[in-house]
Amino acid sequence: MFTLRKAWHPYISPFDPCKPITVKTYSTPPNLYIGFQPPNLPQFSPIEALKAGTLWKAFYDPWYSPYEIVKRGQSQ
Amino acid sequence: MWVYEKKLQYPVRVGTCNPKLAKFLIEQYGGADGELAAALRYLNQRYTIPDKVIGLLTDIGTEEFAHLEMIATMVYKLTKDATPEQMKAAGLGAHYANHDNALFYENAGGSPFTATYIQAKGDPIADLYEDIAAEEKARATYQWIINMSDDTDLNDSLRFLREREIIHSQRFREAVEILKDEQGKKRVF
Ligand SMILES: [Fe+2]
């Protein structure tokens, strides 16, 4: 499945001083995949576009803080 | 020449009094990958880049100043009513000693802005690759600031700014495609 977030598993030592984070993630935004923008991509409505920060749905990839994700009850 | 519109590119609302966030946000004001560095880098590179992509650098460089103004508004709102005690508690004691509650072009660690943050190599591909890297670094900085903030109103504006970095990176990548394009060959989508 295509995602805009990738995960990897860092090495965990038996002697790590802090509680190990077993999975780390990083952002891979749409600009890495699309190349030169093709014509006739789907657009947001003007008012949605002003809010999203882009007219183009394909480039929309919002980021939320862990606090906001807990509040919204969603995972990133 | 510029025309100034007396409003922000995107509304800035700050939900909670939290001067600590101002200390982090200052990174995007006067830091290496901040909005000031971005604006100055792009507008300066315009003169020696092939004319096909000058307009792009003008557009994005100009927009970066609009972003700088949004960050300034956030920092200002977060600190304007902070007492010296609150500034100290937010890690801004050294800032207060030098600047009172004034804004200053510095990074989150307090280092003043320097032109050594930006480059103009004169080689179009080298310059555009620097610009792409700068956009990705600014995007990441916004992620880390959003991660530390529970202010949904503020994060809404930061999310907008982060999305703009994604678009800027996309456009610089397209600029590279334009410049490396084989002359006279038709582009196929
Ligand atoms: Fe940008």
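The preceding data block contains the structure.
Quick caveat: nothing in here was measured; it's all calculated off a predicted structure. (Residues numbered from 1 in each chain as written. Chains lettered and ligands numbered in written order. Predicted model: local features only at pLDDT ≥ 70, side-chain atom pairs only at ≥ 80, totals over all residues. Heavy atoms only, no water.)

With respect to the overall build of chain B
No. 1: Scanning chain B from terminus to terminus reveals seven helices and zero strands.
No. 2: The globule rule puts the C-alpha radius of gyration for 189 residues at 16 Å, and the 18 Å found for chain B is close to it.
No. 3: Dimensions of chain B, computed from the C-alpha atoms along their principal axes, are close to 65 × 30 × 30 Å.
No. 4: In chain B, buried positions account for 46% of the 189 residues.
No. 5: Long-range contacts, defined here as pairs at least 24 residues apart, represent 75% of the contacts in chain B between residues at least 6 apart.
No. 6: In the form shown here, chain B has an accessible surface area of approximately 9,300 Å², with 56% of it arising from carbon and sulfur atoms.
No. 7: Each charge class in chain B was averaged separately, 23 positive and 29 negative side chains, and the resulting centres sit 2 Å apart. (Helix = DSSP H or I, 4+ residues; strand = E, 2+ residues; numbered from the N terminus. Rg over C-alpha atoms; globule rule 2.2 N^0.38 Å. Buried < 20%, exposed > 50% of the residue type's maximum accessible area, 1.4 Å probe, protein only. Contact = heavy atoms within 4.5 Å. Areas by Shrake-Rupley, 256 points an atom, 1.4 Å probe, with all protein chains shown as cover. Lys, Arg positive; Asp, Glu negative; His and termini not counted. Charge placed at Lys NZ, Arg CZ, Asp CG, Glu CD.)

Some words on the packing of aromatic side chains
No. 1: Per the counting criterion, the structure on display carries seven aromatic pairs over all chains.
No. 2: Between Trp 63 of chain A and Trp 144 of chain B, the aromatic rings sit 6.3 Å apart at their centres with planes inclined by 80 degrees, giving edge-to-face as the arrangement. Residue Trp 63 of chain A is found in the loop between α1 (46-52) and α2 (66-72), and its partner Trp 144 of chain B is found in helix α6 (residues 124-148); the two belong to separate chains.
No. 3: The class of Trp 63 of chain A is buried, set by a relative accessible area of 5%.
No. 4: For the ring pair Phe 113 of chain B and Tyr 117 of chain B, a centre distance of 5.5 Å and an interplane angle of 80 degrees mean the geometry is edge-to-face.
No. 5: By relative accessible area, which is 21% here, Tyr 117 of chain B ends up partly exposed.
No. 6: Note that Lys 6 of chain A overlies the ring of Phe 2 of chain A, its terminal NZ or CZ placed 5.6 Å from the centroid. (Phe/Tyr/Trp six-rings, centres within 6.5 Å; stacked < 30°, edge-to-face > 60°. Lys NZ or Arg CZ within 6 Å of the ring centre and 35° of its normal.)

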